[in-house]
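Chain by chain, the residues:
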Amino acid sequence: MSDMSASVSLAVTHLVPLAKEVDQNKVTPGVLGFIVFAVMAVAVWGLMKSMSKHMNKVDFKETPDPEAGQAGKAEKADSAAERG
């Protein structure tokens, strides 16, 4: 057991100077932050691609309503008859 604690203390003494070189006032996201950001970027890209595919399926041209067309013609005929 003492052999293991000696190697741990030796490792800690070598790592402490490395930790002191890092600016204590600077916070960085590290590897985990990069991985999370990359996963989110891929997810957004996939969602945008899916949305683009679905938007291309949408038909934006409105078909005229046959009942509205008949009502419009009747109103025009009434106004023309009133005028003369």
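Predicted model, so just to flag it, every value in this text is computed and none were measured.

1. Some details on the overall build of the protein
Along its length, the protein carries three helices and zero strands. Going residue by residue from the N terminus, the α and β elements of the protein occur as α-α-α. When burial is assessed residue by residue, the protein has 0% of its 84 residues classed as buried.

2. Things to note about the confidence of the model for the protein
Looking at the protein as a whole, the pLDDT averages 76, with 55% of positions reaching at least 70. Helix 2 (residues 30–57) holds the highest mean pLDDT among the elements of the protein, 95, whereas helix 1 (residues 2–21) holds the lowest, 62.

Calculation notes
- Residues numbered from 1 in each chain as written.
- Predicted model: local features only at pLDDT ≥ 70, side-chain atom pairs only at ≥ 80, totals over all residues.
- Heavy atoms only, no water.
- Helix = DSSP H or I, 4+ residues; strand = E, 2+ residues; numbered from the N terminus.
- Buried < 20%, exposed > 50% of the residue type's maximum accessible area, 1.4 Å probe, protein only.
- pLDDT = per-residue confidence, 0-100.

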